[in-house]
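# Reading the structure
Here are the chains, one letter per residue:
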Amino acid sequence: MYDVVLLTLASERDAPGGCGSGGACCGGTTEADTKPSTEAGRGASGGGGQGDADGCATDRPRVPVLACADALTARGARVQTVTARSDAEIDAVLAQLDGPVRPDGLTWPDSDGKTRLVIATASDAQLRAVLRRLVRRYAPPPSRRPADLPGDRTLPDLPPVAVLPLDPARGGTHRDLAAQLGLPRDPAAVAAAVLDGTPRRLDLLRNDGGSVTLDGALLGAADDAGRPLHWRARVEVDDAILTDGDEPLLACAIGNAGGYASLDDVTLLSAPDPADGQVEVAVAVPVVVRSALGRKRVRLEVRRARGRAVSVLPREGKVPYLDDGVEGELTRKRSWWIEPGAWAVWVI
């Protein structure tokens, strides 16, 4: 039978220093979100957006965690519940997923491990926090790339995880990643997926800021009245240039899944697929056109492209963004690239 670790991230208010390099498990933009790093895996905090802290877990397991633990125990699993208050405590949990020592000395996940991980999440950003630590643990340095690493990847297959949403089913225009992927929300169903399910492999976006993206990123901002603000940046997808930075933009969406597919009533991403090995990118450009009577009006032009990598180079000032629900500001070039099938979730 399996050993199962139920991992919950502590709230920002309970964790001075928090989860994430320089940040908290839930909430808040960190300095690392806005500055690139020279070391893979160091960077953006895995916290939720600002204001999410009240919805984060504390040291007392929440009801869904207890219910999931009971369902697992009833099936004979050995269950350990952990509330992590720092990156180090997350890493201690992830160490249980390590494989045997390799001749090359690299830390590698155990493909036949009997320990399975359930991540209790109050937000997509919390799930990202744990995946970021998995990447940091298992991605080898470029100078030590092993021969058994897939040619289109910079890291091995990460261990599958189960997702236990702590909030009710999300409605409205923005659905969390669990809803988008059709994952179970009921604790008993999550337990069944862990013990009886199979891994569903999904793409992962890494970026040169040292972080990861599971769902997507949306760049741009609005004023106090909700009107989009203009900004400029050069946006490239592989060899295609969506904008060279000389024209105003209202938004740029970088999609692995579909969380940022729409902005108000405008469709930005046409068909994002978290398992197709590509990132879909769109920019919204206001274009002035004249009617037959010579009247001017502004039409919103959406340009899209798909590829393996995308880069955004701001031309002026700071560009606000949301990345898996985490707020930040882009002040220099940022690149994202796809890691096909790099992570996985347990599904029935």
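Above this text is the structure in question.
Residues numbered from 1 in each chain as written. Predicted model: local features only at pLDDT ≥ 70, side-chain atom pairs only at ≥ 80, totals over all residues. Heavy atoms only, no water.

Another point: the packing of helix H3 (residues 87–94) against helix H4 (residues 124–138). For the pair H3 and H4, the least separation of the axes is 10 Å and the interaxial angle reads 65°. It follows that H3 is roughly perpendicular to H4 by the angle criterion. Crossing of H3 against H4: the hand is right-handed. In this structure, H3 contributes Asp87, Ile90, Asp91 and Leu94 to the contact, and H4 contributes Val130, Arg132, Arg133, Leu134, Arg137 and Tyr138. Looking at side-chain class alone, the contact of H3 with H4 contains five nonpolar, no polar and five charged residues. (Axes fitted to C-alpha atoms, helices over the stretch in contact; angles between N-to-C directions. Helix = DSSP H or I, 4+ residues; strand = E, 2+ residues; numbered from the N terminus. Parallel < 35°, antiparallel > 145°, perpendicular 65-115°, else oblique. Left-handed = near helix turned anticlockwise from the far one by under 90°. Contact = heavy atoms within 4.5 Å. Nonpolar A, V, L, I, M, F, W, Y, C, P; charged D, E, K, R; others polar.)

Our focus in this paragraph is the sheet that holds strand S16 (residues 319–323). Spatially, six strands are ordered S14-S13-S10-S7-S16-S17 in an open sheet, and the strand pairing comes out antiparallel. The outermost strands of the open sheet, each flanked by one partner alone, are strand S14 (296–307) and strand S17 (326–330). When strand polarity is set aside, the average angle formed by the axes of neighbouring strands in this sheet is 20°. As defined by bridge partners, strand S13 (residues 279–290) adjoins S14 across 12 bridges and the pair is classed as antiparallel. Bridge assignment links Ala284 to a residue of S14, and that residue is Val302. (Pairing = 2+ DSSP bridges.)

Moving on to empty space enclosed by the protein. Within the structure shown, the criterion is met by two cavities of 30 Å³ or more. When residues of the lining of the largest cavity are traced back to their parent elements, those giving at least two are H4, strand S4 (161–165) and helix H5 (177–181). Per element, the largest residue contribution to the lining of the largest cavity is three residues, and it comes from H5. (1 Å grid on protein atoms, 1.4 Å probe; cavity = no way out; pocket = protein on both sides within 12 Å on 5 of 7 lines; lining within 4 Å. Points joined across faces, edges and corners; volume = space filled by probe spheres on them.)

A separate point is the environment of Arg75. Note on placement: Arg75 falls in the loop between helix H2 (63–74) and strand S2 (78–84). On the basis of relative accessible area, Arg75 is assigned to the partly exposed category, the value being 41%. In the structure, Arg75 is positioned 117 residues away from Ala192 in sequence and 9.0 Å away in space, judged by C-alpha atoms. Apart from the residues lying within four places of it in its own chain, the contact partners of Arg75 are Met1, Ala192, Leu195 and Asp196. (Buried < 20%, exposed > 50% of the residue type's maximum accessible area, 1.4 Å probe, protein only.)

Okay, helix H6 (residues 187–196) next. Taken as a whole, H6 has its buried residues at Pro187, Val190, Ala191, Ala193, Val194 and Leu195. The backbone nitrogen of Ala188 lies 3.1 Å from a side-chain oxygen of the residue at the head of H6, namely Asp186. (Polar contact = N/O pair within 3.5 Å; in protein donor to acceptor, adjacent residues only side chain to side chain.)

Turning to the pairing of strand S15 (residues 309–314), a few remarks are in order. The sheet contact formed by strand S8 (residues 233–237) and S15 spans five bridges and is antiparallel. Paired with Arg234 across the bridge in S15 is Leu313. Where S15 lies against strand S18 (residues 334–347), four bridges are found, and the strand directions are antiparallel. Across the sheet, Ser311 pairs through a bridge with Ser335, a residue of S18.

Glancing now at the packing of H2 against H6. Between H2 and H6, the least distance of the axes is 8 Å, while the angle of their chain directions is 45°. The orientation of H2 relative to H6 falls into the category oblique. Read as a crossing pair, H2 and H6 show a hand that is right-handed. For the pair H2 and H6, the contacting residues are Pro64, Ala67, Cys68, Ala71 and Leu72 in the first and Pro187, Ala188, Val190, Ala191, Val194 and Leu195 in the second. Considered class by class, the residues forming the contact of H2 with H6 number 11 nonpolar, no polar and no charged.

To continue, consider unusual backbone geometry. We note that Asp264 has phi near 55°; this positive angle belongs to a residue other than glycine. You can see Asp264 is positioned in the loop between strand S11 (262–263) and strand S12 (266–267). Classification of Asp264 as exposed rests on a relative accessible area of 70%. Even without a glycine there, the phi angle at Asp324 is positive, about 55°. Mapped onto the elements, Asp324 comes out in the loop between S16 and S17.

By themselves these figures say nothing about function.
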